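Secondary and tertiary structure notes
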Amino acid sequence: MLQGKQSWVFQNHPVIKATGVSGGPFEANGRLANDFDILHDDLWMGKTSYEQAHRILLEEAAQTAFKKGEVKPEDIQFFLAGDLINQITPSSFAARDLKIPYFGLFGACSTSMEGLALASFMVNYQGATNVLTGASSHNAAVEKQFRYPTEYGGQKPPTAQWTVTGAGVALVTSRQSVGQLPYTTSATIGKVVDMGLADPFNMGGAMAPAAVDTILAHFQDLKIDPSHYDLIVTGDLGRIGRETAIALLKEKGLSIDENKFKDCGLLVYTKDQPVQSGGSGAGCSATVLYGHLLNEMKKGTYKRILLVATGALLSPLTVQQNETIPCIAHAVSIEI
């Protein structure tokens with residue numbers, strides 16, 4: 001059901017029945033290593049290119065979700081996925097091997113919640129009974145496309161962020177015959193917001209206004225306030241973007257307990273890892289939500305969370321042409 005201007009409410013409470021989360025060697029040394037199902041000790045992952053390794057991350061995460069959910073690929077009606085590489089080829093090539101009807105998504109780092117919102121919509125309105133959705137990124141592949149190859153060893157400013165090597169997927173199903181599992185209750189679809197920033201090494205600052213716009217719309221549409229949630233988590237604003245978002249929310253008159261306002265890019269790595277402002281990438285919010293946060297919900301740490309995944313909709317071409325950076329954020333609320 002549409003509520004307000006840009007939110008859906010899922011009366012039938014689509015269930016996140018199972019998840020799969022894979023990661024690379026840097027993530028294996030991170031703060032949330034125990035929440036990954038699969039961790040690799042090599043960025044190549046037995047392949048001859050980083051893009052091929054990227055595809056492996058998504059395929060492995062999907063196979064893990066199938067096993068945990070006790071389903072086969074032929075039981076899935078639709079597969080929704082995306083990444084940051086040109087024409088989302090890692091996701092499309094993974095879909096080729098999975099042989100599931102496929103929607104390729106691009107919302108940059110907001111893709112994880114774009115997919116979860118659409119999957120929940122499909123299941124809520126009986127458009128499907130089983131939908132697989134996910135997002136992924138690979139540090140070396142993404143850095144090569146958007147900035148410099150990692151072998152170049154280029155210097156980065158403190159505002160820069162570290163692209164997560166990882167994939168997170170979720171199996172979204174109807175509530176039939178399902179026990180106590182996390183389920184989605186609503187989604188707020190973001191608008192494209194561009195405040196004129198053009199620095200590709202400051203994604204957090206560029207994306208913060210889009211996150212704030214979606215958060216405000218969510219509370220206005222659903223007529224609730226931040227106290228409704230145990231935790232509000234942005235996708236990958238990092239340190240700079242989180243501080244900016246908090247300041248903007250206060251300016252707009254919305255008070256949020258900073259202890260309950262987290263960011264996936266600040267959760268995934270330790271303070272000792274050299275990630276400048278924090279983690280980023282389409283796999284950032286996907287791995288943190290489908291691994292760590294849902295595990296914490298199942299333990300009883302949180303009962304209601306709002307995940308607001310943010311994305312910078314730039315490309316190498318727009319950077320070369322000195323365009324500013326349009327950004328977006330999509331939010332999904334999850335309860336248990």
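See the structure printed just above.
Bear in mind the structure is a predicted one, so any value in this text is a computation, not a measurement.

Scanning the protein from N- to C-terminus turns up 10 helices and 15 strands. Rg of the C-alpha trace for the protein: 18 Å, near the compact-globule value of 20 Å for 336 residues, within the 12% margin. The principal-axis extent of the C-alpha atoms belonging to the protein is close to 55 × 50 × 35 Å. Taking all contacts inside the protein whose residues are at least 6 apart in sequence as the whole, residues at least 24 apart take part in 78%. In the form shown here, the protein has an accessible surface area of approximately 13,600 Å², with 51% of it arising from carbon and sulfur atoms. Charge separation in the protein, taken as the distance between the mean sites of 27 positive and 32 negative side-chain charges, equals 5 Å.

Ranked by internal contacts, the top residues of the largest apolar core, which has 80 residues, are Leu116, Leu289, Tyr290, Leu293 and Ile334. Excluding its chain neighbours within four sequence positions, the residues that come into contact with Tyr290 are Thr19, Val21, Ser112, Met113, Leu116, Thr133, Gly168, Val169 and Ala170. Of all hydrophobic cores here, the second largest spans 21 residues; its members include Ala53, Phe66, Ala81 and Leu98.

Here helix H2 (residues 50–69) is 20 residues long and its end C-alpha atoms lie 29 Å apart, about the 28 Å a rise of 1.5 Å per residue gives. Counted residue by residue, H2 has 14 buried out of 20 residues, so it is predominantly covered. Phi for Glu70, located one or two positions after H2, is positive at around 55°.

All right, on to the packing of helix H6 (residues 203–222) against helix H7 (residues 238–251) then. A pair of packed helices is characterised by two quantities: the angle between their axes and the separation of those axes. Closest axis-to-axis distance for the H6/H7 pair is 8 Å, and the angle between their directions is 40°. It follows that H6 is oblique to H7 by the angle criterion. Both H6 and H7 take part in a crossing whose hand is right-handed. Between H6 and H7, the residues in contact are Gly204, Gly205, Ala208, Pro209, Val212, Ile215 and Leu216 and Ile240, Gly241, Thr244, Ala245, Leu248 and Leu249, respectively. Classifying every residue of the contact of H6 with H7 gives 9 nonpolar, 4 polar and no charged.

What follows concerns H7. The end-to-end C-alpha distance of H7 is 20 Å, a good match for the 20 Å that 14 residues give at a rise of 1.5 Å each. Buried within H7 are the following residues: Gly238, Gly241, Arg242, Ala245, Ile246 and Leu249. On an axial view of H7, the arc spanned by its buried residues comes to 135°, and they lie on one face. Opposite the buried face of H7, at more than 90 degrees from it, the exposed residues are Lys250 and Glu251. Looking at the buried residues of H7, the elements they touch are H6, strand S12 (261–263) and helix H8 (264–267). With its phi angle positive at about 90°, Gly253 sits one or two positions after the end of H7.

This next bit is on the packing of aromatic side chains. By the definition in use, this model includes 9 aromatic pairs. An angle of 25° between the planes, with centres 4.2 Å apart, marks the rings of Trp44 and Tyr50 as stacked. Taking relative accessible area as the criterion, Tyr50 reaches 10% and is therefore assigned buried. Taken together, a centroid distance of 4.9 Å and an interplanar angle of 50° make the contact between Phe121 and Tyr125 tilted. The class of Phe121 is partly exposed, set by a relative accessible area of 31%. On the basis of relative accessibility, which here comes to 37%, the residue Tyr125 falls in the partly exposed class. Members of the aromatic cluster, each reached through a chain of ring pairs, are Trp8, Phe10, Phe121 and Tyr125.

A word on a nonpolar patch on the surface. Where nonpolar side chains cluster on the molecular surface, the patch consists of Met1, Phe121 and Tyr125 and spans about 260 Å² of accessible area. Within the fold, Met1 resides in the segment before strand S1 (2–3).

Rules of the game
Residues numbered from 1 in each chain as written. Predicted model: local features only at pLDDT ≥ 70, side-chain atom pairs only at ≥ 80, totals over all residues. Heavy atoms only, no water. Helix = DSSP H or I, 4+ residues; strand = E, 2+ residues; numbered from the N terminus. Rg over C-alpha atoms; globule rule 2.2 N^0.38 Å. Contact = heavy atoms within 4.5 Å. Areas by Shrake-Rupley, 256 points an atom, 1.4 Å probe, with all protein chains shown as cover. Lys, Arg positive; Asp, Glu negative; His and termini not counted. Charge placed at Lys NZ, Arg CZ, Asp CG, Glu CD. Core = buried A, V, L, I, M, F, W, Y, C linked by side-chain atoms within 4.5 Å. Buried < 20%, exposed > 50% of the residue type's maximum accessible area, 1.4 Å probe, protein only. Expected span 1.5 Å × (residues − 1). Axes fitted to C-alpha atoms, helices over the stretch in contact; angles between N-to-C directions. Parallel < 35°, antiparallel > 145°, perpendicular 65-115°, else oblique. Left-handed = near helix turned anticlockwise from the far one by under 90°. Nonpolar A, V, L, I, M, F, W, Y, C, P; charged D, E, K, R; others polar. Arc of directions from axis to C-beta. Phe/Tyr/Trp six-rings, centres within 6.5 Å; stacked < 30°, edge-to-face > 60°. Patch = residues over 30% accessible without salt bridge, like charges linked within 9 Å, V, L, I, M, F, W, Y side chains within 5 Å. Salt bridge = Lys/Arg side-chain N within 4 Å of Asp/Glu carboxyl O.

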